[in-house]
Structure formats: C-alpha cells, structure tokens
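What follows is the residue order along each chain.
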Amino acid sequence: METSWEVCHKVGGIHTVLTGRAEEMMLRHDGQILFIGPLPTDGSLPEEFEPAEVPFLSEWSAHTALPFRYQIGTWRLPSRPPVLLVSYEVTEEARNAFYYTLWEQYGICSDKGFDDYPQAVSFSMNVADVMASLYDFFRSERALVAIFNEWTVGAAMLRLKECCPKLPTIFITHATTLGRSLASNGKELYRYFDQYDEKIMAAELNVEAKHGVERAAARSASLFATVSDVTARECQRFFGVDPVVLPNGFPLFGEAERARFARQRNGVRERILRTVSALYGVDLSPETLISLTSGRYEYHNKGYDLVIDTLYNLQEKALPLPWVPIFAVPAWVAKPRADLQKMLQTSFSVPGTAMQVPCLTHWLHNFDTDTLTQALIRFINSGATPKGIYPLFIPCYLDGKDGIFDTPYYDFAAACDLTLFPSYYEPWGYTPHESLALGVPTVSSSLAGFGVAMEALLGRTNGSIENGVAVITRSDGNRTEAVEAIADNVQYIASLSQAQRNEIAQRATELASYTDWAHFYDRYQEQIDRLLSAQ
C-alpha cells in the first residue's frame, strides 16, 4: 500500500517517481500493489483515474463501512495499477482531536500549521483509517507493507502506527520541508548548514508543524528513506536520523516512442522557430540553437536566476548561431495570446515588427509582478535581440493542449538541442534525468541529487557536457563561476556539427540506461524483503 498527495494528481516530481516506479512494482509484485490518493471535493475524478473493478478491493469494500467517500479504480498507466481515491473531508472536531494526539505524543504544534497543513492532515486521517481497515481484512492471508511519501502523508503513518503497530512502514522524504524553505527564502543553506538551529528556523519560516510531522515520521517509521545523498545530509542534520538512500529511476522510452520523437522532431522545431519568428519579427534558420529549462516555479531553487545570468554572459560573446533559450515553467497563466494564435494561423513575412512582450507565449494574471517575465523583459531591453538571443517563456504545462504549441512535454523536449537545470536546491532532479532518456544533453549541478549520482557513476565530469551530462559546481559563493560554466556548455554545443551533436545524444541515451527503474528498484525490493523477513 503506497500513498501520496500526487497519486493521479500531478503537482511535481513525486508524480514522476510514482508513475515510473508503478510499472516496475506491478511487474515485481505480480500486481499486488495499491496506490492511495486524494479524491477531489467537487465530485469530479482526476483525468488519470479510471473507475474500474478491482477484485481484491471489491471484496474488501463489500465487508467494510467507512464514514467518508472513496472511489475504487485504476491509474491510467500501461500496467493499470489499482488505485483507491480517498476523501479528505473530516469534521473540525475530529481533526482537532487528532491535533491533540499529535501534540501529546509527538510535541507537534498544529496551531502552527499554515497553508495546506489542515488539508494534508485531514487526508492523512482518512488514509490511515483506510490502511488500517485493509490491514485488518487481509493480514491473515498476505503480508502487507505501507509506504508514505513526503510530510503531506506523514501524519497518516503516525496515526497508523498507533492502531497497527506490527504493520511495516516506510516513510520517504523527497525534500525536507526545512531545507526547501531555507533555500526558497534566500537563506544560504550550504554556507551555514551546520549552524542553523532547526527549531528556530522552522518557527521563523512558519513551517513548525510541517517540520514536526516530517521529523516524527522519520523517527517513527520502520524504515526511513530519502532519494539522494544530498537530502540524506539534510535528514541527518534536521531529524537526527540516517536514512536509507533509494534513488529515483526513470523508465526508458520504448522503440516506438523514440521513433515518434525522431519522426516529429523537425516539425516540433519548425513550430518553435515559427512561433519565435512571429513574436520577434525575425527569420530564424533551422540550425538555430534551442535550449530548454523547465520545472516548478522556484526561481532561485531551480536555478532560473543562473540561466538568466547566462543570457547576459553570452550576450557579450559571439555565439555562432542564433539561440532560443526556452523557459517552460507553469505560472499563473490566464490564456494563450490571441494575437500570437492569429499570427500563427496566417502566412506572415519576416523580418517584421516584433510583437508586444515578445518573450511571452501566454498572458499572465500577474504580468507586472511575475519574476521570470520581468527578468526576461529587462534582458530584452538590454539589447538581446541584435546579439541573436531570443528568450521564450511558456508559462503553462506542455500537455498537448496549451493553445500555442499543442505538443506534449516529452515530444517538445526531444526537439531541443540541450537542456539547462543548474539547480541550487534539488533533492533529485527529474528534468535532467528525463533529458538524458530523451537523448538530449543536459546541464545539472553539484547541489542536485541527480547531479551527484551522475558524478558517482561517471567520476568527475569537470563541468563538460561531452558525455551527455555536465555537472557544474555550485555553492553559496561561486555564482560567477557557475554562470561561466553554463555559458561554456552552451557555446560548446552551438559550435558542433549535427553529427557531433548526435554522438553526444547517443552517449546521453546510453547513460540513461544505467538509471532506469529496472536497476534502481532492486534497492526498494531489498528493503521491503528485509522488513517482511523481520515479521
């Protein structure tokens, strides 16, 4: 039994972890797995969820009466793993009673739980009750293990431990609440890492309750795990616990998918370049260099600020090709630009007049205050376009129906020449991992779990992208050097012939084969077997 707020509900990287790992789990465990996720309160069902008959759940449901709504079905993945969506509606009286239990037993002050904390605890309460019911129903005929991802379901594990103390539990933190909060709020996480007092900082950053749940879950689980050596260090420092490291894998693309990417590549590139030509009023050749930076909207943590600095760096140098640096970062999007849509539906001539705000493909609700938009406008106003640099901000998910490109993310990314992910805070980093699997060379950083894993596999990359991935050195004091390293890799890729780029792309694909779930799930299997053998 595994639970997460991101079951059939895409928020961030954990969704990628679960969807990739689910396929390997179904294979290894002969389909005997169950994912438990949130049931929307408005009566709708997630697009990724399909109501379906699941025999073992139907058997359980026929003999079970729970005081909240749930829905049985499967996840719309190739292996169709069973899913139970659970309501997160509880009475205020019941939630307050559980808050008291958390305080009494673990010292967690839930009155300091802000933002999504009450919602997460409500979901956790119902998840724990479902798992307890399943455990009571099935424990006489099969062994069970319960897996919990992130603090958002940490309270479920704490509640479950009280009523089912013999049920083996695994708690996985994919990023510590305190580490992410310190980094997001401009604190120098690494320079003063050993000096921070976790209680004082949790209070200052208003994450006391979340940090408390996470710490208690880490210390109470049968097995506590995290995804990288980077985050393991945070766990040791903030929780006083040594976690097991269970790195994230990524499923390799099949032959049919790779053939589709290759077949569509020129068409996707043409769509990208035509869009940029319409926005900037320029004629771009098919050889134009296209880079991609994508991920959650964490301007500093994800290294978007360093990529912006790289634009300025390369503005002062002579790139041999025009460069379109793309930022695909979901923001507070309002709608696709009607003027751009109309232009793309017609035959327009270039060179022509640049459109208003040429770096933006969709209008935003918060245009005047959006950090990335305003940074790109300042860059354009500094004289970028005469130097052949044409930045593009796509502030929405590339889900195949965005209204401008209408191309799914993987098809879009596969058409790019390189990707840039110089993260400051990144417990793992799926975006560069996905890039390798797509055969697109990538830049990661020494502060990203994935970057550290690549250096362990390859040895030091010395910041060079020749083998498919460049791991640049980042710290709290080397911003200039890090920007220079990113710029060097952009220049290097721009200087290569297409045949030379193809060689690097092949090395990237080969490197990805060492990091798929078929390899990395062995570590999960080993820990699950160990827990069950101890029963």
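Anyway, here's the lowdown on the structure attached to this text. Keep in mind the model is a prediction, meaning the values are calculated, not measured. (Residues numbered from 1 in each chain as written. Predicted model: local features only at pLDDT ≥ 70, side-chain atom pairs only at ≥ 80, totals over all residues. Heavy atoms only, no water.)

**Things to note about the sheet that holds strand S15 (residues 418–420)**
Here six strands make up an open sheet; going across it, the order is S14-S11-S10-S15-S16-S17 and the pairing parallel. At either margin of the open sheet sits one strand with a lone partner, and together these are strand S14 (392–394) and strand S17 (469–472). Here the average twist between neighbouring strands, direction ignored, is 25 degrees. Contacts from helix H11 (residues 304–315) reach strand S10 (289–294), strand S11 (323–328) and S15 within the one sheet, and its direction differs from that of S11 by about 165 degrees. (Pairing = 2+ DSSP bridges. Helix = DSSP H or I, 4+ residues; strand = E, 2+ residues; numbered from the N terminus. Axes fitted to C-alpha atoms, helices over the stretch in contact; angles between N-to-C directions. Contact = heavy atoms within 4.5 Å.)

**Quick notes on the side chain of His433**
Its location among the elements puts His433 in helix H15 (residues 430–437). Residue classification places His433 among the buried residues on the basis of a relative accessible area of 1%. Excluding residues within four positions of it along the chain, His433 makes contact with Asn248, Gly249, Phe250, Trp428, Phe450 and Thr515. (Buried < 20%, exposed > 50% of the residue type's maximum accessible area, 1.4 Å probe, protein only.)

**Overview of the packing of aromatic side chains**
Geometrically, a pair of aromatic rings is defined through the distance of the ring centres and the angle of the planes. According to the stated counting rule, one finds 26 aromatic pairs in the structure shown. Pairing Phe193 with Phe238 gives two aromatic rings, centres 5.8 Å apart and planes at 50 degrees, and the pair type is tilted. Pair noted here: Phe193 is in the loop between helix H6 (177–184) and helix H7 (198–204) and Phe238 is in helix H9 (residues 229–239), with a separation of 45 residues, a long-range link. For Phe238, a relative accessible area of 0% translates into the label buried. Seen in terms of ring centroids, Trp517 and Tyr524 are 5.9 Å apart; in terms of plane orientation they differ by 65 degrees. Their pairing is edge-to-face. Relative accessible area serves as the criterion here: at 2%, Tyr524 is assigned to the buried category. (Phe/Tyr/Trp six-rings, centres within 6.5 Å; stacked < 30°, edge-to-face > 60°.)

**A few points about the sheet that holds strand S3 (residues 49–51)**
Sheet strands pair via backbone hydrogen bonds, and the direction of the pair is either parallel or antiparallel. On the basis of which strands lie adjacent, the open sheet formed by nine strands has the order S3-S4-S5-S2-S1-S6-S7-S8-S9 and mixed pairing. Where the open sheet ends on each side, the last strands, each with one partner, are S3 and strand S9 (244–245). By the bridge criterion, two bridges tie strand S8 (residues 223–226) to S9 in an arrangement that is parallel. When the bridges of S9 are listed, Thr226 appears paired with Val245. Contacts from H9 reach strand S7 (169–173), S8 and S9, with the element oriented near 130 degrees to S8.

**With respect to the environment of Arg530**
As for its position among the elements, Arg530 is in helix H19 (residues 517–533). The partly exposed category is assigned to Arg530, whose relative accessible area is 43%. With 307 residues separating them in the primary sequence, Arg530 and Leu223 have C-alpha atoms 10.0 Å apart.

**What to know about the pattern of salt bridges**
For the structure shown, the criterion picks out 28 salt bridges. Its salt-bridge partner being Glu208, residue Lys112 comes within 3.7 Å of it at the nearest N-O pair. Of this pair, Lys112 sits in the loop between helix H3 (92–106) and helix H4 (117–138) while Glu208 sits in helix H8 (residues 208–220), and the two are 96 residues apart along the sequence. Note on Lys112: relative accessible area 30%, which makes it partly exposed. Lys302 is paired through a salt bridge with Glu426; the nearest N and O atoms lie 3.0 Å apart. On the criterion of sequence distance, the pair formed by Lys302 in the loop between S10 and H11 and Glu426 in the loop between S15 and H15 is long-range, its members being 124 residues apart. On the accessibility criterion, Lys302 (14% relative accessible area) is buried. Among the ionic contacts, a cluster of salt bridges with common partners joins Arg265, Arg269, Asp417 and Arg501. (Salt bridge = Lys/Arg side-chain N within 4 Å of Asp/Glu carboxyl O.)

**Some words on the nonpolar core**
Counting 116 residues, the largest nonpolar core has Phe35, Trp323, Ile326, Ile394 and Phe412 as the members making the most contacts within it. For this core, the element with the highest residue contribution is helix H10 (residues 255–280), accounting for eight residues. Among the nonpolar cores identified, the runner-up in size contains 69 residues, and Val54, Ile72, Phe98 and Phe138 belong to it. (Core = buried A, V, L, I, M, F, W, Y, C linked by side-chain atoms within 4.5 Å.)

**Things to note about H15**
The α-helix winds at 3.6 residues per turn, so residues separated by three or four positions along the chain end up facing the same way. Along H15, eight of the eight residues are buried, which leaves the element largely enclosed by surrounding structure. Regarding H15, the residues found buried are Tyr430, Thr431, Pro432, His433, Glu434, Ser435, Leu436 and Ala437. The positive-phi residue at the C-terminal boundary of H15 is Gly439, with phi of around 80 degrees.

**Concerning the pairing of strand S4 (residues 70–75)**
The sheet contact formed by S3 and S4 spans three bridges and is antiparallel. Bridge pairing links Glu50 to Thr74 in S4. Where S4 meets strand S5 (residues 82–87), five bridges bridge the pair, whose relative direction is antiparallel. Note that in S5 the partner of Gln71 across the bridge is Leu85. Hairpin connection, S4 to S5: the antiparallel pair is bridged by six residues, and Arg80 has positive phi, about 50 degrees.

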